Amino acid sequence: MSRAQQITVLGATGSVGLSTLDVIARHPNLYQVFALTGFTRLKELLALCVRHVPRYAVVPTQDVARKLQDDLVAAGLDTRVLVGEEGLCEVAGHAQVDTVLAAIVGAAGLRPTLAAVEAGKKVLLANKESLVMSGSLFMQAVRQHGAVLLPIDSEHNAIFQCMPNDYSRGLNAVGVRRILLTASGGPFRETPLAELHDVTPEQACAHPVWSMGRKISVDSASMMNKGLELIEACWLFDARPAQVEVVIHPQSVIHSLVDYVDGSVLAQLGNPDMRTPIANALAWPVRIDSGVAPLDLFSIARLDFHAPDERRFPCLRLARQAAEAGDSAPATLNAVNEVAVAAFLDRRIRYLEIASMIEDVLGQQSVIALDELETVFEVDSKARVLAEQWLGRHGR
Ligand code: NAD
Ligand code: MG
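Note that this is a predicted model, so its numbers are computed, not measured.

> Could you give an account of the pairing of strand β10 (residues 254–260), with specific residues and numbers?
The buried count for β10 comes to seven of seven residues, which makes it a mostly enclosed element. Bridging between strand β8 (residues 176–183) and β10 involves four bridges; their strand directions are antiparallel. The partner of Ile179 across the bridge, within β10, is Val258. In this sheet, strand β11 (residues 265–269) lies alongside β10 in antiparallel orientation, the contact comprising five bridges. Paired with Val258 across the two strands is Leu266, which belongs to β11. A loop of four residues connects β10 with β11, the two strands running antiparallel in sequence, and Gly263 in this loop sits at a positive phi of about 95°.

> Before we move on, could you go through the nonpolar core and cite the residues and values that matter?
Counting residues in hydrophobic clusters, the biggest one holds 132 residues, and the most contacted among them are Phe138 and Leu333. Broken down by element, this core gets its largest block of residues, eleven residues, from helix α14 (residues 329–345). In contact with Leu333, other than residues within four places in its own chain, are Met224, Leu228, Ile231, Leu318, Ala319, Ala322, Ile358 and Leu362.

> Give a detailed account of the site of ligand 1, specifying residues and quantitative values.
Taken together, the neighbourhood of ligand 1 is formed by 23 residues, with Thr13, Ser15, Val16, Glu129 and Gly213 sitting nearest. Within the backbone of Gly14, one N or O atom sits 3.1 Å away from an oxygen atom of ligand 1. One of the backbone nitrogen or oxygen atoms of Val105 is found 3.4 Å away from an oxygen atom of ligand 1. Out of a free accessible area of 830 Å², ligand 1 has 90% covered by protein chains. When residues of the shell around ligand 1 are traced back to their parent elements, those giving at least two are α1 (15–25) and α6 (128–145). Residues that form the shell around ligand 1 fall into these classes: eleven nonpolar, eight polar and four charged. No fewer than three residues from each of domain 1 (5–151) and domain 2 (153–272 + 307–321) sit in the shell around ligand 1.

> A description of the coordination of the magnesium ion (ligand 2) should follow, citing residues and the corresponding values.
The magnesium ion (ligand 2) binds to the protein through Asp153 (OD), Glu155 (OE) and Glu229 (OE), with metal-donor distances spanning 2.1 Å. As a motif over one chain, the donors of the magnesium ion (ligand 2) read D-x1-E-x73-E. Here Asp153 matches Glu155 in class, with each residue buried.

> Hey, could you go over the sheet that holds β10 for me, with residue numbers and the actual values?
Judged by pairing direction, the sheet is mixed, and its four strands sit side by side in the order β9-β8-β10-β11 without closing on themselves. The open sheet terminates on both sides in strands that have one partner only, identified here as β9 (244–248) and β11. On average, each strand axis in the sheet is inclined to that of its neighbour by 20°, with strand direction left out of account. On the sheet, helix α10 (residues 224–237) packs against β8 and β9 and is oriented at approximately 150° with respect to β8.

> Provide a residue-level description of the sheet that holds strand β4 (residues 80–83), including the pertinent values.
Taken in spatial order, the seven strands line up as β4-β3-β2-β1-β5-β6-β7 in an open sheet, and their pairing is parallel. At either end of the open sheet lies a strand with only one pairing partner, and these are β4 and β7 (148–151). On average, each strand axis in the sheet is tilted by 25° relative to the strand beside it, whichever way the strands run. Of the pairings in the sheet, the one linking strand β3 (residues 56–59) to β4 comprises four bridges and is parallel in character. Directly across from Ala57, in β4, lies its bridge partner Val81.

> Describe the environment of Ser211, naming the residues involved and giving the relevant values.
Here Ser211 lies in the loop between α8 (201–205) and α9 (214–222). The spacing of Ser211 and Pro272 is 61 residues in sequence and 9.3 Å in space, taken between C-alpha atoms.

> Let's hear about the packing of helix α7 (residues 154–162) against helix α11 (residues 275–283): which residues, and what values?
Here α7 crosses α11 at 50°, and the two axes come no closer than 9 Å. Of the possible angle classes, the one that applies to α7 and α11 is oblique. The crossing of α7 and α11 is left-handed. Between α7, through Ser154, Asn157, Phe160 and Gln161, and α11, the contact on the second element is made entirely by Pro277, Asn280 and Ala281. Along the lines of polarity and charge, the residues of the contact of α7 with α11 split into three nonpolar, four polar and no charged.

> Break down the domain arrangement of the protein chain for me, citing the residues and quoting the values.
Parsing the protein chain into structural domains produces domain 1 (5–151), domain 2 (153–272 + 307–321) and domain 3 (326–396). Summarising the inter-unit geometry, the C-alpha centres of domain 1 and domain 2 are found 26 Å apart. Taken together, the contacts link 13 residues of domain 1 with 16 residues of domain 2. Counting each side, the surface lost to burial between domain 1 and domain 2 is near 1300 Å², with a carbon and sulfur contribution of 70%. For domain 1, the biggest contributors to the area lost against domain 2 are Lys128, Val132 and Pro151; these three give 49% of the whole.

Cut-offs applied
Residues numbered from 1 in each chain as written. Chains lettered and ligands numbered in written order. Predicted model: local features only at pLDDT ≥ 70, side-chain atom pairs only at ≥ 80, totals over all residues. Heavy atoms only, no water. Buried < 20%, exposed > 50% of the residue type's maximum accessible area, 1.4 Å probe, protein only. Helix = DSSP H or I, 4+ residues; strand = E, 2+ residues; numbered from the N terminus. Pairing = 2+ DSSP bridges. Core = buried A, V, L, I, M, F, W, Y, C linked by side-chain atoms within 4.5 Å. Contact = heavy atoms within 4.5 Å. Near = heavy atom within 4 Å. Polar contact = N/O pair within 3.5 Å; in protein donor to acceptor, adjacent residues only side chain to side chain. Areas by Shrake-Rupley, 256 points an atom, 1.4 Å probe, with all protein chains shown as cover. Nonpolar A, V, L, I, M, F, W, Y, C, P; charged D, E, K, R; others polar. Domains from an automatic or database assignment. Donors = N, O, S within 2.8 Å, 3.2 Å for Na, K, Ca; no water. Axes fitted to C-alpha atoms, helices over the stretch in contact; angles between N-to-C directions. Parallel < 35°, antiparallel > 145°, perpendicular 65-115°, else oblique. Left-handed = near helix turned anticlockwise from the far one by under 90°. Buried area = accessible area lost by both parts, 1.4 Å probe.

What follows is the structure, given as structure tokens:
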């Protein structure tokens, strides 16, 4: 029997990280945890280390590292604690690692995810922001270093499952007409427009179907998440924005569809539980048990579909515009959105101001070519400065 795959989980203390560890723990003969990383919830990180006995753990600062190292020694573990982005990149690209689960939230995930790509790893991508920021350079690095990139985002994993094996030849070449990207519509799908002014972070984070981290929950409420996913789909499947259509499907049972020129439409269905796409990507091309209950079509009974209303979801329109503008526009969109969501969660701006801030800052930033990674980070920083200035003028 071949040895167990060595897995680094970047963002182990988050929602996707925990789901991944749940799947891994079901298959101790197949997978072994090599490294776990956490930024917050560090007590949980200690408990995860005790449970999974990784070779390395990574935390944000020296102080936290010393404390965790002492606790690990007291627990009888010889897990080594590394620090900061350097530590993240080390465990992502380590020679003994086979697979890296990229589940850090936001732009902070870009360098460690790229470190895994540049080391030619099998990279399971949840951190959509890294692809949105630097799609062209990222996909170039995947090809150059022979990395295997598998999507964990449920929609993209569904699309991946509905595509033919040789889809990298191009959508036209394999007879794909368009990609249908499904969206639940989030908690405000039917909220009267006049009431959106007053919605709270708690309401925005109470997703009707999925249980997720706070940033992606707000993105789901505004449908910026679907906008980021549209851009993600364009990079992963070499599609033009016009080839990706967003479909609101409140039950979230169909995770996305692929429409072929002969009229066939292939869909992937399942209970809304991230362990399915995670297990699919971990074990690909074979299938393993994920712990997800079988889909009960009789209890679901019906599936609904609606076109998204861009007056209700201006973030979706802004993301599509950024996707069409290309170059640095998606990186700007992503950076301002991160600042806006954090400000909304801190109650410094209202929900509807998320879209206003993004629209204003996008209008202020010219679109430039992204030829190197440093330019991506410059665009990201500049957009954050402009977003903070916007907050200074409009925020509380
Ligand atoms: P989360 O907030 O629950 O977890 C985020 C993880 O990243 C945590 O481990 C946190 O400690 C770590 N982290 C946060 N800031 C960091 C920083 N500056 N440096 C290093 N680590 C940092 O988020 P989540 O819901 O698990 O989402 C993670 C990623 O997966 C996001 O990019 C999200 O868009 C994507 N995603 C999530 C889901 C889901 O169901 N939750 C589905 C699809 C895609
Ligand atoms: Mg998704």
